[in-house]
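Residues per chain, in single letters:
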Amino acid sequence: MKFLKDGDLNSSRLLQIILAFTLMYMTVLWFTNILLYVEKIGFTYSSVVDYYLGSEDEFKNPVSYRGLLEATHFHLFVLAMALLLVNHLTAFTNIQQTLKLTLILLSFISGLVDMGGGWLIRFVSPGFAYLKIGSFILFQTSFLFLLAFSFSALKVYQKDHGKGG
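Since the model is a prediction, treat every value here as computed from it, not as a measurement.

A. A look at the packing of helix α3 (residues 45-53) against helix α5 (residues 97-123). Running from amino to carboxyl end, α3 crosses α5 at an angle of 75°, the nearest separation of the two axes being 9 Å. Here α3 lies roughly perpendicular to α5, going by the angle between them. Counting all contacts with α3, which are made through V48, Y52 and L53, the residues of α5 involved are G118, I121 and R122. Of the residues in the contact of α3 with α5, the class split is 4 nonpolar, 1 polar and 1 charged.

Now the structure itself:
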């Protein structure tokens, strides 16, 4: 895959279509992820703590070790693949190197902190709820920017419509 080496999308119209649809799916993934977070966890300290530690008032059990392990296992793979694609496409855009580096680091680090936040709340201290909320917001924001830059990267590569595969 020459594209993975140098980002040359001009050589394959089919690759452009595949990437465009993949980015559309990722945009829906991003949106539904926010909806799920709002529905399941919420953005207040107490809602985050109640989600991970349980709530007698609402008859909620704490999140189990196995539940956290399964969610972390799944998210590590999905986020790695999603971040690989959007960061890779963003790397070939014409934005400043420092902005690219910042977005790459923010996306990977905030994603890890977001996943780790649940573990910290559940097994260390409920005070980590603010870290969980902040890292979720930072991750979603950086991912949104990466998606936007990835879509713009596709437009940059569509200059030459004469080639196609």
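B. Structural detail: the environment of I95. Here I95 shows up in the loop between α4 (65-91) and α5. Residues I95 and F149 lie 54 residues apart in sequence; the distance between their C-alpha atoms is 8.6 Å. Once residues lying within four places of it in the same chain are set aside, the contact partners of I95 are T90, K100 and F149.

C. Examining the packing of helix α2 (residues 13-40) against α4 more closely. Closest axis-to-axis distance for the α2/α4 pair is 11 Å, and the angle between their directions is 120°. With respect to each other, α2 and α4 are oriented oblique. Viewed along their axes, α2 and α4 form a crossing whose handedness is left-handed. Facing L19, T22, L23 and M26 of α2, the residues of α4 in contact are A82, L85, V86 and L89. Here the residues of the contact of α2 with α4 are counted per class, giving 7 nonpolar, 1 polar and no charged.

D. Spatial organisation of the nonpolar core. Grouped together as the largest cluster of nonpolar side chains are 22 residues, with contacts concentrated most on L23, M26, V86, F143 and L147. At the level of secondary structure, the elements contributing two or more residues to this core comprise α2, α4, α5 and α6 (129-157). The element best represented in this core is α6, accounting for 7 residues.

Criteria and cut-off values
- Residues numbered from 1 in each chain as written.
- Predicted model: local features only at pLDDT ≥ 70, side-chain atom pairs only at ≥ 80, totals over all residues.
- Heavy atoms only, no water.
- Axes fitted to C-alpha atoms, helices over the stretch in contact; angles between N-to-C directions.
- Helix = DSSP H or I, 4+ residues; strand = E, 2+ residues; numbered from the N terminus.
- Parallel < 35°, antiparallel > 145°, perpendicular 65-115°, else oblique.
- Contact = heavy atoms within 4.5 Å.
- Nonpolar A, V, L, I, M, F, W, Y, C, P; charged D, E, K, R; others polar.
- Left-handed = near helix turned anticlockwise from the far one by under 90°.
- Core = buried A, V, L, I, M, F, W, Y, C linked by side-chain atoms within 4.5 Å.
- Buried < 20%, exposed > 50% of the residue type's maximum accessible area, 1.4 Å probe, protein only.

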